[in-house]
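# Examination of the molecular architecture
Below, each chain spelled out in residue letters.
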Amino acid sequence: MKIIRFPKKDTWETLLARPLLDFSQGEARVRDVLSHIKQKGDLALKEYSRKFDGYEAENFRVSEAEILAANTLVPEKLKTAITQAAANIQSFHQSQQELPRRIETMPGVICWRKSVPVSTVGLYIPGGTAPLFSTLLMLAIPAQLAGCRKIVLCTPPGKAGIISPAILYTAGFLGLNEIYKIGGAQAIGAMAYGTASIPRVNKIFGPGNQYVTLAKQQVSQQGVAIDLPAGPSEVAVVADRTANPAFIAADLLSQAEHGTDSQVIFVTDCEPLLEAVREEVEDQLASLPRKEIAREALQHSLIILLENKMQILEMINSYAPEHLILAVQNPEEWAEKIENAGSVFLGHYTPESAGDYASGTNHTLPTNGYAKAYSGVSLDSFVKKITFQQITGEGLRRLGPSVEVMAEAEDLFAHRNAVSIRLETLNGKNHE
């Protein structure tokens with residue numbers, strides 16, 4: 001990792017630029033895939049399964065027998081861990097449920113808002129070298145709590161048509177049974193448009209490679225909602241003299257191993273930590289199974305020395321990290337001044353990986369600076385907020401004149417008349 005000492009503020013934006021992804025070639029390819037699926041449905045899906053996954057699909061849907069078989073293939077320790085994680089995720093997301101509150105904005109004028117579930121949602125869970133069964137917990141549990149009537153799960157199989165046992169076990173544990181062996185951009189297209197085998201959904205959730213990301217972006221322009229803009233994973237670690245260099249290095253590597261395009265940033269005002277952390281990163285890196293992936297990610301990652309707490313906070317809020325670790329004394333004081341971050345981890349014993357798996361917060365978070373405007377996935381992601389209002393006759397007498405004046409000022413006389421006609425009736429005048 002490169003060490004940067006006291007960079008000038010006007011260089012921060014360039015210094016902290018995320019790795020650029022070249023989507024130019026992929027965009028046309030994904031557009032063709034989506035168009036083919038829209039026209040040919042299952043025939044196109046079978047063609048792409050054969051071409052991209054090496055899998056000859058007879059039937060995309062996973063059978064009950066396959067779900068049950070996964071029970072015997074998952075170690076008991078992992079089952080116990082999944083149970084604990086699910087309980088924590090459920091507790092945290094259940095606390096986000098809102099009951100409608102009726103507000104009388106003025107006498108006779110009642111307004112309220114109600115959460116209504118998105119009826120059909122699609123979850124995409126990557127397989128491959130890192131089958132993300134944890135993401136299934138993060139997405140399916142709030143979908144169930146929100147009351148979504150149909151939850152469709154797509155995940156890619158291997159060449160033998162077998163899905164990761166951990167993903168299948170987790171799906172069975174959660175009571176999901178509409179699971180399809182389909183991956184990549186073609187899975188996004190299937191859920192966006194619907195085919196004879198796979199139902200159309202209203203909103204699509206889940207991470208994936210650049211083709212999945214592009215497919216989600218493209219279908220979102222065609223009336224299908226998606227969870228949030230996605231990019232490579234990232235973490236920023238802020239530390240002071242009380243921090244443990246080994247802890248910091250482990251946190252940096254936990255994100256670097258996600259992918260070669262991940263970015264990790266370490267920011268401090270304590271100069272002795274610079275070399276100590278860099279040495280720890282090299283020592284821990286040597287023993288990681290995914291060390292080559294992590295090593296490449298570290299090529300565009302940084303260790304930054306700044307003068308004081310105020311500068312650090314300013315830089316972090318400008319960067320808007322997906323994950324932010326505050327490995328400092330009195331982290332609550334620092335946290336109060338954080339404006340832009342996906343999820344924040346306070347203190348020396350709160351690793352980011354706890355949030356990735358089991359603390360209870362959601363790990364589907366805005367990346368690439370989108371934390372300046374977007375929240376991570378929550379219960380709210382799976383509901384629509386519908387507003388209601390009810391006005392009594394007396395309420396309209398009080399409110400109506402203001403509406404009439406405002407509508408007339410905008411030259412919208414039909415709007416005014418919708419009120420005036422009612423007021424005339426209330427006042428005993430016949431409307432001819």
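Residue positions within a chain follow its written sequence, with the count starting from 1. Local features in this predicted model are restricted to residues whose pLDDT is 70 or higher, and side-chain atom pairs enter the listing and the counts only when it is 80 or higher, whereas totals over whole chains, interfaces and linings include all residues. Hydrogens and water are ignored here; the side-chain numbers use all heavy atoms of the structure.

### A closer look at the side chain of glutamate 322
As a reminder of what qualifies: Strands are runs of DSSP state E lasting at least two residues, helices are runs of H or I lasting at least four, and both sets are numbered from the N terminus onward. Burial classification: accessible surface area is computed with a 1.4 Å probe over protein chains only, and a residue below 20% of its type maximum counts as buried, one above 50% as exposed, and the rest as partly exposed. When charges are tallied, Lys and Arg are placed among the positive residues and Asp and Glu among the negative ones, while His and the ends of the chain are skipped. What counts as a salt bridge is simple: a side-chain nitrogen of Lys or Arg found within 4 Å of a carboxyl oxygen of Asp or Glu. For the purposes of these results, a polar contact is taken to be a pair of N or O atoms within 3.5 Å, where, inside protein, one atom must be able to donate a hydrogen and its partner to accept one; residues adjacent in sequence count only when each atom of the pair is a side-chain atom. Two residues form a contact once any of their heavy atoms are found within 4.5 Å.
By the element assignment, glutamate 322 lies in the loop between α13 (309-319) and β12 (323-327). For the buried glutamate 322, which has no salt bridge, the nearest side chain bearing the opposite charge is arginine 18, at an N-O separation of 8.1 Å. Within the structure, glutamate 322 has its side chain in polar contact with the backbone nitrogen of glutamate 234 (distance 2.9 Å). A distance of 3.5 Å separates a polar atom in the side chain of glutamate 322 from a polar atom in the side chain of histidine 323. Not counting chain neighbours up to four residues away, the residues in contact with glutamate 322 comprise Pro232, Ser233, Glu234, Gln255, Gly342, Ser343, His363, Leu365, Pro366 and Thr367.

### A word on the nonpolar core
The tendency in soluble globular proteins is for nonpolar side chains to be buried as a group. So the rule is basically this: Among buried residues, those of type Ala, Val, Leu, Ile, Met, Phe, Trp, Tyr and Cys that are joined through side-chain atoms within 4.5 Å constitute a nonpolar core.
Judged by nonpolar contacts, the single largest core of 40 residues is most densely connected at Val121, Leu123, Leu136, Leu137, Ile179 and Phe382. Counting residues per element, this core draws most heavily on helix α6 (residues 133-146), at 10 residues. Aside from chain neighbours lying at most four places away, what touches phenylalanine 382 is Pro117, Val118, Val121, Leu139, Pro142, Ala143, Ala146, Cys148, Phe205 and Val377. One finds Ile37, Tyr55, Phe60 and Val201 within the second-largest nonpolar core, a separate group that totals 31 residues.

### Some remarks on the sheet that holds strand β14 (residues 383-391)
Formally: Two strands qualify as a pair provided DSSP detects at least 2 bridges between them. Lines fitted to C-alpha atoms define the axes, with helix axes restricted to the stretch in contact, and inter-axis angles between N-to-C directions lie between 0 and 180 degrees.
An order of β2-β3-β14 is seen for the three strands of this open sheet, with the pairing classed as antiparallel. Unpaired on one side and paired on the other, β2 (103-106) and β14 mark the two borders of the sheet. Across the sheet, the mean angle separating the axes of adjacent strands is 30° when strand polarity is ignored. Alignment of β2 against strand β3 (residues 109-117), held across three bridges, turns out to be antiparallel. Residue pairing for β3: isoleucine 103 is matched across the bridge by cysteine 111. The strands touched by helix α16 (residues 393-409) are β2, β3 and β14; relative to β14, the strand with the most contacts, the crossing angle is about 95°.

### What about helix α2 (residues 24-40)?
We count it as follows: Expected span of a helix, by definition, is 1.5 Å for each gap between consecutive residues, and there is one gap fewer than residues. By construction, the arc corresponds to the directions joining the helix axis to the C-beta atoms.
Here α2 spans 25 Å end to end across 17 residues, near enough to the 24 Å set by a 1.5 Å rise per residue. Those residues of α2 that fall on the buried side of the exposure criterion are Gly26, Val30, Val33, Leu34 and Ile37. Projection of α2 onto a plane perpendicular to its axis shows the buried side chains occupying an angular sector of 95°, all on one side. Away from its buried face, by an angle of more than 90 degrees, α2 presents the exposed residues Gln25, Asp32 and Gln39. Taken together, the buried residues of α2 touch α3 (42-53), α8 (184-193) and α9 (210-220).

### Thoughts on the packing of aromatic side chains
Here the distance between the centres and the angle between the planes together describe a pair of aromatic rings. Threshold: Working definition: a ring pair exists when centres of Phe, Tyr or Trp rings (six-membered ring for Trp) sit within 6.5 Å. Plane angles under 30 degrees give stacked, over 60 give edge-to-face, the rest tilted. Here, over-ring charges are defined by two tests on the NZ atom of lysine or the CZ atom of arginine: distance to the ring centre within 6 Å, and angle to the ring normal within 35 degrees.
Scanning the model with the defined rule gives six aromatic pairs in all. With a centroid separation of 5.7 Å and an interplanar angle of 70°, the aromatic rings of phenylalanine 247 and tyrosine 349 are classed as edge-to-face. A residue pair is termed long-range when its members are at least 10 positions apart, and phenylalanine 247 in helix α10 (residues 245-256) and tyrosine 349 in the loop between β13 (343-346) and α15 (352-357) qualify at 102 residues. For tyrosine 349, a relative accessible area of 72% puts it in the exposed group. Centre to centre, the rings of tyrosine 370 and tyrosine 374 are 5.6 Å apart; their planes meet at 85°, and the pair counts as edge-to-face. Taking the relative accessible area as the measure of exposure, tyrosine 370 reaches 35% and is therefore partly exposed. Here the guanidinium or amino end of arginine 29 rests over the ring plane of tyrosine 211, the centre of that ring lying 5.0 Å away.

### So, the packing of α16 against helix α17 (residues 413-426)
Rule in force here: Each angle gets one of four labels, with under 35 degrees taken as roughly parallel, over 145 as roughly antiparallel, 65 to 115 as roughly perpendicular, and the rest as oblique. The sense of a crossing depends on the near helix, which, turned anticlockwise from the far helix by less than a right angle, makes the crossing left-handed and, turned clockwise, makes it right-handed. All residues other than Ala, Val, Leu, Ile, Met, Phe, Trp, Tyr, Cys, Pro, Asp, Glu, Lys and Arg, Gly among them, are scored as polar; the first ten of these are nonpolar and the last four charged.
For the pair α16 and α17, the least separation of the axes is 9 Å and the interaxial angle reads 150°. Overall, the two elements α16 and α17 adopt an arrangement that is roughly antiparallel. Between α16 and α17 lies a crossing of left-handed hand. Residues Gly393, Leu396, Arg397, Gly400, Pro401, Val403, Glu404, Ala407 and Glu408 of α16 touch α17, and the partners they reach there are Phe413, His415, Arg416, Val419, Ser420, Arg422, Leu423 and Leu426. Class assignment of the residues belonging to the contact of α16 with α17 gives a composition of eight nonpolar, four polar and five charged.

### Here we look at the pattern of salt bridges
Going through the model one piece at a time under the given rule, you end up with 16 salt bridges. Residues arginine 50 and glutamate 56 are paired through a salt bridge, measuring 3.5 Å at the closest nitrogen-oxygen approach. Judged by relative accessible area, which is 41%, arginine 50 ranks as partly exposed. For glutamate 56, a relative accessible area of 52% gives the class exposed.

### Considering the sheet that holds strand β1 (residues 2-5)
Ordered in space as β1-β11-β10-β9-β12-β13, the six strands form an open sheet in which the pairing is parallel. Only two strands of the sheet have a single neighbouring strand rather than two, namely β1 and β13. This sheet shows a mean twist of 15° between the axes of neighbouring strands, independent of strand direction. Where strand β10 (residues 263-268) meets strand β11 (residues 302-305), four bridges bridge the pair, whose relative direction is parallel. In the sheet register, threonine 268 faces β11, and the bridge partner there is leucine 305. Sheet contacts for α13: β9 (234-239), β10, β11 and β12; angle to β10, the most-contacted strand, approximately 160°.

### Overview of the pairing of β10
For clarity, the cut-off: The handedness rule is simple: strands pointing away from the viewer, and a clockwise path from the first strand over the helix to the second, make the crossover right-handed.
The element β10 is largely enclosed, with a buried count of six among its six residues. Burial of β10 is two-sided: the residues Gln263, Ile265 and Val267 facing one way and the residues Val264, Phe266 and Thr268 facing the other way are all buried. Pairing analysis gives six bridges linking β9 to β10, with the strands arranged parallel. By the bridge assignment, valine 238 is partnered in β10 with valine 267. Once the chain exits β9 it traverses α10 before rejoining the sheet at β10, and the crossover so formed is right-handed.

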